[in-house]
Amino acid sequence: MQDQQPEFRQYKKDIEYAETRREELLLQYPEQWVAILNEEVVGSDSDVYRLIERLRKRGIPTERAVLRHLTEREELLIL
């Protein structure tokens, strides 16, 4: 478990990055899904499944990326 802590800390930083820059990201990527890794946007797409596929093709570990849907509308997502 010890060796996973740096990844967990980075994941928390990426969540914070997405939250603190939400408005800025929304202007750049309206109605898009964005993937954030190491405090930078590494991909975007209007379709989350297409985004995940593109990330995988580029070798980006999707299990470590923070995915956010940027929209002005209120949404209820049931996962």
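Residue numbers here run from 1 along each chain, matching the order of that chain's written sequence. Residue-level local features of this predicted model are given only where pLDDT is at least 70; pairs of side-chain atoms are given and counted only at 80 or more, and the full residue set underlies all totals for whole chains, interfaces and linings. Water and hydrogen atoms play no part in the side-chain values, which are based on all heavy atoms of the structure.

### Brief notes about the nonpolar core
Remark: nonpolar core denotes a set of buried residues (Ala, Val, Leu, Ile, Met, Phe, Trp, Tyr, Cys) joined through side-chain atoms within 4.5 Å. Only protein chains enter the accessibility calculation, which uses a 1.4 Å probe. A residue is then buried if its area is under 20% of the maximum for its type, exposed if over 50%, and partly exposed in between. In this structure, W33, A35, L37, V42, V48, L51, I52, L55, I60 and A65 together form the largest nonpolar core, which totals ten residues. The dominant element in this core, judged by the number of residues it contributes, is helix α3 (residues 48-57), at four residues. The criterion used for residue contact is that any of the two residues' heavy atoms lie within 4.5 Å. Discounting chain neighbours no more than four positions away, the residues touching V48 are W33 and L67. For helices the rule is a DSSP run of H or I covering at least 4 residues; for strands it is a run of E covering at least 2, with both sets numbered from the N terminus onward.

### Some remarks on the pattern of salt bridges
A pair is scored as a salt bridge if a Lys or Arg side-chain nitrogen falls within 4 Å of a carboxyl oxygen belonging to Asp or Glu. For the structure on display, the rule yields three salt bridges. Among the ionic pairs, R50 bridges to D45, the shortest N-O distance being 2.7 Å. Judged by its relative accessible area of 8%, D45 is buried. D45 serves as the salt-bridge partner of R54, at 2.8 Å between the closest nitrogen and oxygen. Residue class for R54 comes out partly exposed when judged on its relative accessible area of 40%. A single salt-bridge network, built from bridges that share partners, covers D45, R50 and R54.

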